[in-house]
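# Summary of the model geometry
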Amino acid sequence: MSRAVPLPLWPGSPEEGLPLAGQSGPRFSQLDHDGAPRAATALDPATRARLSAPRPPLCGLPLDRPRLMGILNVTPDSFSDGGDHATREAAVARAHALVAQGAEILDIGGESTRPGAAEVPVAQEIARVVPVVAALRAAGMRVPLSIDTRKSAVARAALAEGADMINDVSALSFDPELAGVVAEAGVPLCLMHARGTPADMQRAPRYDDVVAQVRDALAARIETAVSAGIARERLLLDPGIGFGKDLEHNLALLRALPLFHDFGLPLLLGVSRKRFIGTLSGAETPKARMPGSVAVALLAAQQGVHVLRVHDVEETRQALSLLRAVMGWDE
Ligand code: 9MG
């Protein structure tokens, strides 16, 4: 991939330009290659296809519009800790609530990935996540279930209970056996960029060019996944906002989101309630960061991001429906 950064410049009318990353809404009419605008229609066919063509459906969901992935953390700090059973029941109830609010995928995690979070032993992570997957399937939950894990044993156990995809914040760098589990199951895998581990990632992260370095790192992780037998069209990419990045790094990545469409793969983004939103807005607690989270989700939707990982499903869904209506994306 060249170092040129294709940034869409938004067209004046919905009829102009090409669809951005197969989306029914956002389009692009020009690309800015190293400061030299070029008409999108004049792109060579391969570049045009990477930037514009439809992405394969995700667990049966067409990716022609942004899909909401509801966050379901099954960790003791997420639910009042009345014991394993109470936590499981609360998690299942929360899953149903997220779906009722409009979540189209659930991302279930049993190990916190917050900055400073310690690693959870594999048996404990399995004990948190797998019964919730089993309970949701037993209750007839049909929404695709993603498992937020870095560990092959967790992925294997959750897939056996009916989970549909894996979200690995280490992009296959934590557990070398995870790639084989995903390849054998033939399920989608999100490769998220991170520097370091949740325990140490925010200790003064440094980049010369964060956008180029994240892009190159993701390219290398795609190679790793494909060499391990995972079909390229099963991959999603995520620049990993807040994972080994400071405020300026996060902003640079958010401004450059369209660049990542040049891989021709669906993009997933998680900004919900993250620290940079608090830093910029003064909202101290994660829950108070909902408005900022929704604002960035709208920006991402306009940049053609396919999956938005959010806590505040109802609020994000409402904001997206307004964006679509005002932009005329449903007409
Ligand atoms: C688990 N998790 C926490 N934040 C995330 C993000 O930004 N992206 C993905 N894919 N997973 C995340």
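Being a predicted model, the structure only gives us computed values, none of them experimental.

Each value, and the rule that gives it
- Residues numbered from 1 in each chain as written.
- Predicted model: local features only at pLDDT ≥ 70, side-chain atom pairs only at ≥ 80, totals over all residues.
- Heavy atoms only, no water.
- Salt bridge = Lys/Arg side-chain N within 4 Å of Asp/Glu carboxyl O.
- Helix = DSSP H or I, 4+ residues; strand = E, 2+ residues; numbered from the N terminus.
- Buried < 20%, exposed > 50% of the residue type's maximum accessible area, 1.4 Å probe, protein only.
- Phe/Tyr/Trp six-rings, centres within 6.5 Å; stacked < 30°, edge-to-face > 60°.
- Lys NZ or Arg CZ within 6 Å of the ring centre and 35° of its normal.
- Axes fitted to C-alpha atoms, helices over the stretch in contact; angles between N-to-C directions.
- Parallel < 35°, antiparallel > 145°, perpendicular 65-115°, else oblique.
- Left-handed = near helix turned anticlockwise from the far one by under 90°.
- Contact = heavy atoms within 4.5 Å.
- Arc of directions from axis to C-beta.
- Pairing = 2+ DSSP bridges.
- Right-handed = clockwise from strand over helix to strand, strands pointing away.

Here we come to the pattern of salt bridges. What the rule picks out here adds up to 14 salt bridges. The partner of Asp262 in a salt bridge is Arg50, and the shortest N-O contact between them spans 3.0 Å. Here the residue Asp262 occupies a position in the loop between α7 (247–255) and β12 (268–270), and Arg50 occupies one in helix α1 (residues 45–52), the gap between them amounting to 212 residues. According to the relative accessible area criterion, Asp262 is buried, its value standing at 6%. Between Arg324 and Asp330 there is a salt bridge, with the nearest N and O atoms lying 2.8 Å from each other. A relative accessible area of 10% means that Arg324 is categorised as buried. What you see here is one network of salt bridges that share partners, running through Asp64, Arg65, Arg67 and Glu104.

What follows covers the packing of aromatic side chains. Evaluated as defined, the whole model comprises zero aromatic pairs. Here Arg150 stacks its cationic end above the ring of Phe174, 4.0 Å away from the centre of that ring. Directly above the aromatic system of Tyr207 lies the positively charged group of Arg195, at a separation of 3.9 Å from the ring centroid.

Next up on the list: the packing of helix α2 (residues 84–101) against helix α3 (residues 122–138). Contact geometry for α2 and α3: axes closest at 10 Å, N-to-C directions at 50 degrees. One element, α2, and the other, α3, form an angle in the oblique class. Once α2 is placed against α3, the crossing between them reads as right-handed. Residues Arg88, Ala91, Val92, Ala95 and His96 of α2 form the contact with α3, whose own contacting residues are Pro131, Val132, Ala135 and Leu136.

Moving on, we get to helix α5 (residues 178–185). Among the residues of α5, Leu178, Ala179, Val181 and Val182 are the ones counted as buried. For α5, the arc enclosing every buried residue in end-on projection is 165 degrees, short of the 170-degree limit, so these residues lie on one face. In this structure, the buried residues of α5 make contact with α4 (152–160), β9 (165–168) and β10 (189–192). One or two residues past the end of α5 sits Gly186, with phi positive at roughly 65 degrees.

On to the pairing of strand β8 (residues 145–148). Where burial is concerned, the two faces of β8 agree: the one with Leu145 and Ile147 and the one with Ser146 and Asp148 are both buried. One ladder, built from four bridges, connects strand β7 (residues 105–109) with β8; its direction is parallel. Considered in β8, the bridge of Asp107 is made with Ser146. A crossover connection joins β7 to the parallel β8 through α3; in handedness this β-α-β unit is right-handed. Taken together, β8, α4 and β9 constitute a β-α-β crossover, and its handedness is right-handed.

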